[in-house]
Amino acid sequence: MPATVTPALRREPQQARSRARLAGLLDAAEALLVSEGPGALSTTRIAAEAGVSVGSLYQYFPDKAAIVDALARRYLSDFEGLMEDLVRRAEAGDWDDPVGSLIDAFAERYLAQPGYRALWLGRHLSEELRGADRENKATLAEGVRRMLVRSHTVADGPGTATACHAGVLAADALLQEAFRCHPAGDPALLDEAKQLLRAHLRSAILRFPPGDRAAPSPPGDHT
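Here we summarise the structure given alongside this text.

Side note on the packing of aromatic side chains
In this structure the tally under the stated criterion is six aromatic pairs. With centroids separated by 6.2 Å and ring planes inclined at 85°, the aromatic side chains of Phe79 and Tyr110 adopt a geometry described as edge-to-face. A residue pair is termed long-range when its members are at least 10 positions apart, and Phe79 in helix 4 (residues 64-91) and Tyr110 in helix 5 (residues 98-112) qualify at 31 residues. Each member of the pair, Phe79 as well as Tyr110, is classed as buried. Residues Phe79 and Tyr116 carry aromatic rings whose centres are separated by 4.4 Å and whose planes lie at 15° to one another, so their mutual orientation is stacked. Placement of the pair is Phe79 in helix 4 and Tyr116 in helix 6 (residues 114-120), with a sequence separation of 37 residues. A single burial state applies to Phe79 and to Tyr116, both of which are buried.

Some words on the nonpolar core
The tendency in soluble globular proteins is for nonpolar side chains to be buried side by side. Core analysis: the biggest nonpolar cluster contains 57 residues, and Ile46, Phe61, Met83 and Phe106 have the highest contact counts within it. Of all the secondary-structure elements, those providing two or more residues to this core are helix 1 (16-36), helix 2 (43-50), helix 4, helix 5, helix 6, helix 7 (127-150), helix 8 (158-181) and helix 9 (187-207). In terms of residue count, helix 4 provides more of this core than any other element does, 13 residues in total. Apart from the residues within four sequence positions on either side, Met83 is in contact with Leu102, Phe106, Leu140, Gly143, Val144 and Met147.

Rules used in this analysis
- Residues numbered from 1 in each chain as written.
- Predicted model: local features only at pLDDT ≥ 70, side-chain atom pairs only at ≥ 80, totals over all residues.
- Heavy atoms only, no water.
- Phe/Tyr/Trp six-rings, centres within 6.5 Å; stacked < 30°, edge-to-face > 60°.
- Helix = DSSP H or I, 4+ residues; strand = E, 2+ residues; numbered from the N terminus.
- Buried < 20%, exposed > 50% of the residue type's maximum accessible area, 1.4 Å probe, protein only.
- Core = buried A, V, L, I, M, F, W, Y, C linked by side-chain atoms within 4.5 Å.
- Contact = heavy atoms within 4.5 Å.

If you want it as structure tokens, here you go:
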């Protein structure tokens with residue numbers, strides 16, 4: 001289950017009823033986000049959508065920013081759980097095309113979570129959301145590194161970690177643009193994301209072959 005509790009909470013719910021109320025507030029925020037966009041997210045509107053008083057909302061959240069942060073982290077926790085599943089499947093050798101399966105899995109998640117798209121594909125992100133997004137991408141990159149290292153495809157080390165991080169950043173940019181261009185994800189851009197990530201990881205394998213004990217940091221540009 002995705003996490004719904006974040007450090008921004010005023011108090012952490014202990015009883016099932018309180019946890020359900022908190023989840024209901026986040027569900028209400030998501031419903032407004034999908035139907036009307038980020039501008040509709042106010043404490044008054046969210047409380048009304050959830051069918052509770054504003055006072056009940058303030059028991060958990062000090063302000064709107066804390067609600068948005070909690071909602072964002074719920075999405076990110078869900079994505080990180082997906083990455084863990086992908087790592088396990090890759091380690092078990094379930095795929096002939098891990099990169100294609102990875103991009104497809106995240107594209108499907110974009111489709112299944114319109115609130116995630118509405119939040120991250122908007123024009124204005126708070127610094128808190130930008131930080132959460134960077135944290136999420138770092139976690140995804142770590143998952144890719146684990147997939148490659150545990151399958152003995154590359155040597156482990158800081159160079160491999162940096163290469164995986166760069167590949168995730170580039171592929172994610174194409175993935176987001178694919179959904180900005182088309183509600184179901186532009187197929188051509190999704191295919192380009194796969195091609196880009198495959199080519200980048202092939203480069204990492206050549207630079208950091210599995211026989212090396214530790215992949216060094218990437219060298220500087222000597223051209």
